[in-house]
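Listed here are the chains, written in short residue letters.
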Amino acid sequence: MAVRVIDEKCKGCQKCVKACPFEAITMNERLAVIGAACTSCGACIDVCPFGAIEKVEDLKKGVDITQYHDVWVFAEQRDGQLMGVSIELLGEGKKLAGEIGCKVCAVLLGDKVDNLVDELFEYGADKVYYANDPALATYNTDAYNKVIYQAILKYKPEIVLLGATHIGRDLGPCLAVQCGTGLTADCTKLDIDPVDKKLMQTRPAFGGNLMATILCPNHRPQMSTVRPGVMEKPARVPGRKGELVNLNVAFKEGDIRMKVLEVVKGLTEKVSLTDAKVIVSGGRGLGDPEGFKLIKQLADRLGGVVGASRAAVDAGWIDHSHQVGQTGTTVKPDIYIACGISGAIQHLAGMQTSKIIIAINKSENAPIFEVADYGIVGDLYKVIPAILEALG
Amino acid sequence: MKIIVCAKQVPNTNEVKIDPVKGTLIRDGVPSILNPDDANALEAALQLKERYPGTTVTVISMGPPQATYMLRECLAMGADEAVLLSSRAFGGADTCATSTTLAAGIRKLGKFDLILAGRQAIDGDTAQVGPQTAQRLGVPSVTYVQKIREIKKNSIVVERNLEDGYEVIEVKMPCVLTAIKELNEPRYMTIAQIEEAYKKEITIWNENDINLAPSDCGLNASPTQVFRSFTPPPKGKGEMLTGTVPEMAAALIQKLREKHAL
């Protein structure tokens, strides 16, 4: 699809020029001209009062899409443990497969992780494609890419979903190029078009200021990486079984060009923001790093964990692993308490789907109050002790 | 060593605000900048240049003609030369088409030892163009590089950041590495360097210069298409609690208990 100006209808009002997030539109003798920076996002179409901008379908060569079936989920494991996002994706994959009328399958690579095959069945996989080889024990870009690419060539999945972890975001792009298809990064919502059954992939763009729905109409598989913590985990059904398909693994000299020499686990205690039921976050309003002691006190009292805004992380008050937001972690706990966080759009993008949001801020005009279920205007150094007191 | 740095000019998305009434982007006065992760990639290249005499650093970018300003900044930081891939035909490219164009530009530059790119650009946040360019060039890639430890005869040892730690990876050269902000602190330009940078030519190539057919670039070569875009609907504003601090705290706890949230 491309965006085109219908010259006869354009009145030169320049509304599109202002609306374009990518500065792609310029004026030429009172006519809007769409330049090379255009991403076909369509923001200009919505603002044009004269209907002078339209989207045009272009005829592009793709593949015979009727040959492709099933939804695949990359079952990412580290140290023999499935990543939470892979389980979330099985739930989401099952939903999509139900709407298309096909199977949801997991693709598992590792060294002697047979126990995970059963776990994947129990979380809803109809089929598990399993590659078992010592060379696959830890993630290796070349090795994983080769094995999964060959499986895609052979079994032709319609959709491939990966968690948007550092590993999923490394593997996905390589696989997409190998398969000659597109990849949509960091999706937060997936839907199936009820008419043509195509995957509609929605993701934040432009630093979370815009949401874009992306299609991959003529190429297969349709590939997405999905943000951890966004989709619901399915219930585990003990004893549930499915079909196991073993994948061939054969590497030639030169296939694997990198070697993992060592895996070092983080020295700081792992902060599991994505799994937390309660998150108490601190921002610039804390004033200094000592403020996080009070934040931690409240988090501990509520059985939660400590989060932070980018401002607090950038100030060096707390480790990046605590960061909530567009460039940090996306969270949706039952209770999110934002203390001294003004509510930059990037932060809101990462927490606004929390069930209950409580904002404590000195400034009543702070944008965080726009998304808060309960707002308290006041000094957090007085409000938090009062909350602790009220909790008894 | 011959090092190529891939860079992108991006709008500073941190300065974008939403018009609270119309729900549209306010873009006025938002400056264009060198993408932050790309600045880390360039800094890493410049540090290697200082360590290994005879190293050259070439910055390559795909973008509109205005991107030459960003490339001048790269030259002023210390890059030796800069190339801009610019053409109407490149417009509307997704990551798949962008990597094809960048790879074609890099091929034209000739043999290289190392390509450094930022992990992701702040306007798209995809983190795909680096590893995809590597795939197209047929070289290995390591993403999320937080430290370059050692360069050996035919390989490089780096630390790759993970959510819960890092891996030490040895990868064959030539290769592509993508940089994160933990890798280094990008340097500032000096006045003298800025003056020097304006004396240099920036090479501009279109699709013909890099031997690409118009059907191989831009929108025509993009498997993904933006179906629609919209500003995310704001969550409805809730209740502002009133009274003294202890009253507000007590009211909050009571409300949470009523909702069985506690």
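Look above for the structure.
Visitor: So what exactly am I meant to see when it comes to the sheet that holds strand β16 (residues 243–246) of chain A here?
Guide: Within a sheet, adjacent strands bond to each other through the backbone by hydrogen bonds, running parallel or antiparallel. All names here are of chain A. The strand order across the open sheet formed by seven strands is β11-β15-β10-β5-β8-β9-β16, and the pairing between neighbours is parallel. Edge strands, defined here as strands with exactly one partner in the open sheet, are β11 (183–187) and β16. Averaged over all adjacent pairs, the angle separating strand axes in this sheet is 25 degrees, with direction ignored. As defined by bridge partners, β11 adjoins strand β15 (residues 222–226) across three bridges and the pair is classed as parallel. Across the sheet, residue Leu-183 finds its bridge partner in β15, namely Met-223. Its contacts with the sheet place helix α6 (residues 168–179) against β5 (71–75), β10 (159–163), β11 and β15, and it is angled at close to 155 degrees to β10.

Visitor: Can you help me understand the state of the cysteines in this one?
Guide: Within the structure shown, the criterion is met by zero disulfides over all chains. Not engaged in a disulfide, the cysteine Cys-179 of chain A finds its nearest cysteine sulfur in Cys-96 of chain B; these two sulfurs lie 11 Å apart. You can call Cys-179 of chain A buried: its relative accessible area is 19%.

Visitor: Explain the interface of chain B and chain A to me, please; I cannot follow it from the model alone.
Guide: Accessible area lost upon the coming together of the parts serves often as the stated size of an interface. At the interface, 81 residues of chain B touch 97 residues of chain A. Roughly 8,200 Å² of surface becomes buried between chain B and chain A when both sides are summed, with 55% attributable to carbon and sulfur atoms. Asp-314 of chain A is the salt-bridge partner of Lys-181 of chain B, the closest N and O atoms lying 3.7 Å from each other. If you look at where chain B meets chain A, you find 33 residue pairs in polar contact (both at pLDDT 80 or more). Of all elements in the fold, only α4 (129–137), β9 (141–151), β10 (155–162), β11 (165–172), β14 (225–230), β15 (239–240) and α6 (245–258) of chain B reach the threshold of two or more residues within the side of chain B that touches chain A.

Visitor: In this structure, what is going on with α4 of chain B? I would like to understand it.
Guide: Helical periodicity: at 3.6 residues per turn, an α-helix aligns residues three or four positions apart in one direction. Among the nine residues that make up α4 of chain B, seven are buried, leaving the element largely enclosed by the rest of the structure. The complete set of buried residues in α4 of chain B reads Gly-130, Pro-131, Gln-132, Thr-133, Ala-134, Gln-135 and Leu-137 of chain B. In this structure, the buried residues of α4 of chain B make contact with α5 (141–155) and α6 of chain A together with α3 (95–109), β8 (114–118), β9 and β12 (175–179) of chain B. Downstream of α4 of chain B by a residue or two, Gly-138 of chain B has a phi angle that is positive, lying close to 75 degrees.

Cut-offs used in this document
- Residues numbered from 1 in each chain as written.
- Chains lettered and ligands numbered in written order.
- Predicted model: local features only at pLDDT ≥ 70, side-chain atom pairs only at ≥ 80, totals over all residues.
- Heavy atoms only, no water.
- Pairing = 2+ DSSP bridges.
- Helix = DSSP H or I, 4+ residues; strand = E, 2+ residues; numbered from the N terminus.
- Axes fitted to C-alpha atoms, helices over the stretch in contact; angles between N-to-C directions.
- Contact = heavy atoms within 4.5 Å.
- Disulfide = S-S within 2.5 Å.
- Buried < 20%, exposed > 50% of the residue type's maximum accessible area, 1.4 Å probe, protein only.
- Buried area = accessible area lost by both parts, 1.4 Å probe.
- Salt bridge = Lys/Arg side-chain N within 4 Å of Asp/Glu carboxyl O.
- Polar contact = N/O pair within 3.5 Å; in protein donor to acceptor, adjacent residues only side chain to side chain.

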